[in-house]
Amino acid sequence: MTDERAERMQKIVSLAKRRGFVFQSSEIYGGLRSAYDYGPMGAELKRNLMNEWWRAMVHCREDVVGIDASILMHPKVWEASGHLANFSDPLVDCKLCGERFRADKAPRAEPGSPATVTLGDKGRAKAALERLSHLGIEGVRREGKTLVGLAVGPVGYVCPNCGSPILSEERRFNLMFRTHLGPVDPVGAVVEAVATAAREGKTGAELRAVAEAAIEASSVYLRPETAQAMFVNFLNVQGALSLKIPFGIAQMGKSFRNEVTVEHFIFRSCEFEQMEMEYFVPPGEGPKYLEYWKEQRMAWWRSIGLRAENLRFRAHGPDELAHYSDGCFDVEYRFPWGWDELEGIASRTDYDLRAHAAASGKKLSYFDPEATDPATGKKGWRYVPHVVEPAAGATRGVLAVLCDAYDEEPGDERGKGARTVLRLHPRLAPIKVGVLPLVKKDGMPEVARGIARDLFAAGVGAKYDEQHSIGRRYARHDEIGTPYCITVDGQTLEDGTVTLRHRDDRRQERIAADRAVEAVTDALKRA
RNA sequence: GCGGGAGUAACUCAGUUGGUAGAGUGUCAGCUUCCCAAGCUGAAUGUCGCGGGUUCGAGUCCCGUCUCCCGCUCCA
């Protein structure tokens, strides 16, 4: 990150705190790593953003319905989805081919015995050889796509993919937050189980396994994504509303991951908020709908005000695609530190429903009486739907919106008129209109309060504000992104007009006070 | 996880060799003020990130720890 962009990021973080958007969690106790609280402005902004998503994805569509599922789910959900295995096993990375594998499932080999590494092709073998010399390992010979001259390390296993003994250390990833359902603390059960096992002479890894089993008995997990709830509720939702494919199930809410690294303010945190939708389609139509949702989702990010030049797609390469997926695009935003993911739009085939069908024994399929079964050629087709998933980060969406909206104007040559302004889309703005008496006398406050009340009654998020000079109040509203200000002045008392001031260009127009509500609601509608 | 930098008022920061914690901005009150952070007068606000140590005395020196930022690593 360049200094200039790092400084810009600092300023955004600083403004977020100063104006009540985002505070660090538990700040008076020194702060909690990677946890943030949304203040009065931030809570409104996040809520507005998520409401916009819900409106676009659920309310404005015939084919998508919403759910709000529990954060705690049956542990078997995570077993079936693969999260449990991938999130909590001892994992090792191969330093030659990049494969990550479970240490306990790797091919065993006698420590010290010769190891032959076989890469996919000559080019990869050359690259691996370079990596070896980089690691300071010499005396390795290349024969075509194989490397000879390495020896098995003391761990006694090699990479299942290429046979390499050059491996990272075993790391126990437990990326899911484990907790316990039920009032009995599991520590007692663990102590008892371990004590019994120790008396039986068990040691080391065996004791660990005993402890692990004792914990597992009562373990549940905070969801690491909201998506699985849509899959396990597929039959419930489809049946309850008699939905016809294609249709989607949407959900917004919190998810939790013990990230290895947290970074960039609220961008990557262990507790975060997602906006996900699973769209169920007939087999074979995944790629078509992937294309459709890709465009829809990009259009949505544009519609809430993010600038086109700061948005792009990034296609996942074959190497980073999950084995079951047949296509995935990220919507990326140009954050101050560079391009980074806002949303992933993935074609997931029938992997999820099949996995849950196999694990639960329930038939997670759909019957289309109108369609022709390609296998039999007869009318009536029962199939496991394929899924296209647009999965967006709400928390990082808030950050993208703040970054995109943040602007500084230098003012004139003496710096007069300089200001910081958040050019938030009016629908996202925490406060829609500030209602200000020009000065605190001559009955102006009373008139202004009356206008504010009218705005409240019309459902417009208004704020009456009489502190400080008019210039400071405008500046403060610019900093929190308030798109409009209505000001009551001397002329109001004579002819019943007020000024309507626009945030982006500070332009003012004179309108009738009794038409203020209408003017503001019209402007918000047009925005 | 590794390496580097930082933490003093709400914000930005100063704080000398270890000797009574400061400035600007902001905030609050009053006066003034008819349009873009105006002025005058006054006021409040500090676990100096936290804990320990050395010392007669620690914001300053030492140890530990937490948090943030940057770069690597990682991101099923």
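Please read all numbers here as calculations on a predicted model, not as lab measurements.

Draft legend 1. Inspection of the sheet that holds strand β26 (residues 497-502) at higher detail. One open sheet accounts for five strands, arranged β24-β23-β25-β26-β27; its pairing is mixed. Each having just a single partner strand, β24 (462-464) and β27 (508-512) make up the two edges of the open sheet. For this sheet, the mean angle separating the axes of adjacent strands, direction not counted, is 25°. In terms of strand pairing, β26 meets β27 through five bridges, oriented antiparallel. Paired with Thr499 across the bridge in β27 is Arg510. Taken strand by strand, helix α13 (residues 444-457) contacts β23 (433-437), β24, β25 (484-488) and β26, and its axis lies near 160° from that of β23. Taken strand by strand, helix α16 (residues 516-526) contacts β23, β25, β26 and β27, and its axis lies near 165° from that of β25.

Draft legend 2. Spatial organisation of the nonpolar core. Ranked by size, the top nonpolar core spans 55 residues in total, and within it Phe21, Trp301, Phe335 and Leu399 carry the most contacts. Going through the elements one at a time, α1 (3-18), α2 (40-59), β14 (271-281), α10 (286-303), β16 (328-335), β17 (338-349), β20 (386-393) and α12 (394-405) are the ones with two or more residues in this core. Counting 28 residues, the second largest nonpolar core, distinct from the first, contains Met176, Ala227, Ile249 and Tyr366.

Draft legend 3. Spotlight on the packing of α2 against α10. Closest axis-to-axis distance for the α2/α10 pair is 11 Å, and the angle between their directions is 140°. Judged by the sense of rotation from one axis to the other, the crossing of α2 with α10 is right-handed. Taking contact as the criterion, the partners of Leu49, Glu52, Trp53, Ala56 and Met57 in α2 are, on α10, Trp293, Arg297 and Trp300. A per-class count over the contact of α2 with α10 returns six nonpolar, no polar and two charged.

Draft legend 4. Just the side chain of Glu332, in detail. Among the structural elements, Glu332 can be located in strand β16. For Glu332, the side chain forms a polar contact with the side chain of Arg314, separated by 3.0 Å. Contact partners of Glu332, with chain neighbours within four places excluded, come to Asn310, Leu311, Arg312, Arg314, Trp339, Asp340, Glu341 and Leu342.

Draft legend 5. Looking closely at the side chain of Glu389. Note that Glu389 resides in strand β20. Take Glu389: its relative accessible area is 6%, and that puts it in the buried class. Setting aside residues up to four positions removed in sequence, Glu389 forms contacts with Ala227, Glu276, Met277, Glu278, Gly344, Ile345, Ala346 and Arg348.

Draft legend 6. Up close: the pairing of β20. Most of β20 sits inside the fold, with eight of its eight residues counted as buried. Bridging between β14 and β20 involves six bridges; their strand directions are antiparallel. Among the inter-strand pairings, Met275 is bridged to a residue of β20, identified as Ala392. Bridge count between β17 and β20: six bridges; the pairing is antiparallel.

Draft legend 7. Here's a closer look at the packing of α2 against α12. Remark: α2 packs on α12, axes separated minimally by 10 Å, with the N-to-C direction vectors making an angle of 110°. Classified by the angle their axes make, α2 and α12 are roughly perpendicular. With respect to the hand of their crossing, α2 and α12 are arranged in right-handed fashion. On α12, the residues touching Leu45, Lys46, Leu49 and Met50 of α2 are Ala394, Gly397, Val398, Val401 and Leu402. Here the contact of α2 with α12 is built from residues that sort into seven nonpolar, one polar and one charged.

Draft legend 8. Just the pattern of salt bridges, in detail. Evaluation of the coordinates by the stated rule reveals 37 salt bridges. Across the pair Arg55 and Glu52 runs a salt bridge whose closest N-O atoms are separated by 3.4 Å. Of this pair, Arg55 and Glu52 both sit in helix α2, three residues apart, which is roughly one turn of the helix. With a relative accessible area of 36%, Arg55 lands in the partly exposed category. As a salt-bridge pair, Arg178 and Glu216 come within 3.2 Å of each other at their nearest N and O atoms. Of this pair, Arg178 sits in strand β11 (residues 178-180) while Glu216 sits in helix α7 (residues 204-216), and the two are 38 residues apart along the sequence. Because the salt bridges share partners, they merge into one network encompassing Asp407, Glu409, Arg419, Arg423, Asp478, Arg501, Arg503, Asp504 and Arg506.

Draft legend 9. Expanded view of unusual backbone geometry. A cis amide bond links Ile245 with the next residue in sequence, Pro246, at an omega value of 5°. Structurally, the position occupied by Pro246 is in the loop between α9 (234-241) and β13 (247-256).

Draft legend 10. Examining the packing of aromatic side chains more closely. Tallied over the full model, the rule gives 20 aromatic pairs. With centroids separated by 5.1 Å and ring planes inclined at 80°, the aromatic side chains of Tyr292 and Trp293 adopt a geometry described as edge-to-face. Every member of this aromatic cluster is reached through a ring pair, and the members are Phe231, Phe234, Phe247 and Phe280. Over the aromatic face of Tyr38 sits the side chain of Lys46, whose NZ or CZ is 4.9 Å from the ring centroid. The side chain of Lys294 reaches across the aromatic face of Phe313, ending 4.8 Å from its centre.

Draft legend 11. Quick look at the environment of Ala315. Mapping Ala315 onto the fold places it in strand β15 (residues 311-315). Among the residues examined, Ala315 registers a relative accessible area of 45% and is labelled partly exposed.

Procedures and definitions
Residues numbered from 1 in each chain as written. Chains lettered and ligands numbered in written order. Predicted model: local features only at pLDDT ≥ 70, side-chain atom pairs only at ≥ 80, totals over all residues. Heavy atoms only, no water. Pairing = 2+ DSSP bridges. Helix = DSSP H or I, 4+ residues; strand = E, 2+ residues; numbered from the N terminus. Axes fitted to C-alpha atoms, helices over the stretch in contact; angles between N-to-C directions. Contact = heavy atoms within 4.5 Å. Core = buried A, V, L, I, M, F, W, Y, C linked by side-chain atoms within 4.5 Å. Buried < 20%, exposed > 50% of the residue type's maximum accessible area, 1.4 Å probe, protein only. Left-handed = near helix turned anticlockwise from the far one by under 90°. Nonpolar A, V, L, I, M, F, W, Y, C, P; charged D, E, K, R; others polar. Polar contact = N/O pair within 3.5 Å; in protein donor to acceptor, adjacent residues only side chain to side chain. Parallel < 35°, antiparallel > 145°, perpendicular 65-115°, else oblique. Salt bridge = Lys/Arg side-chain N within 4 Å of Asp/Glu carboxyl O. Phe/Tyr/Trp six-rings, centres within 6.5 Å; stacked < 30°, edge-to-face > 60°. Lys NZ or Arg CZ within 6 Å of the ring centre and 35° of its normal.

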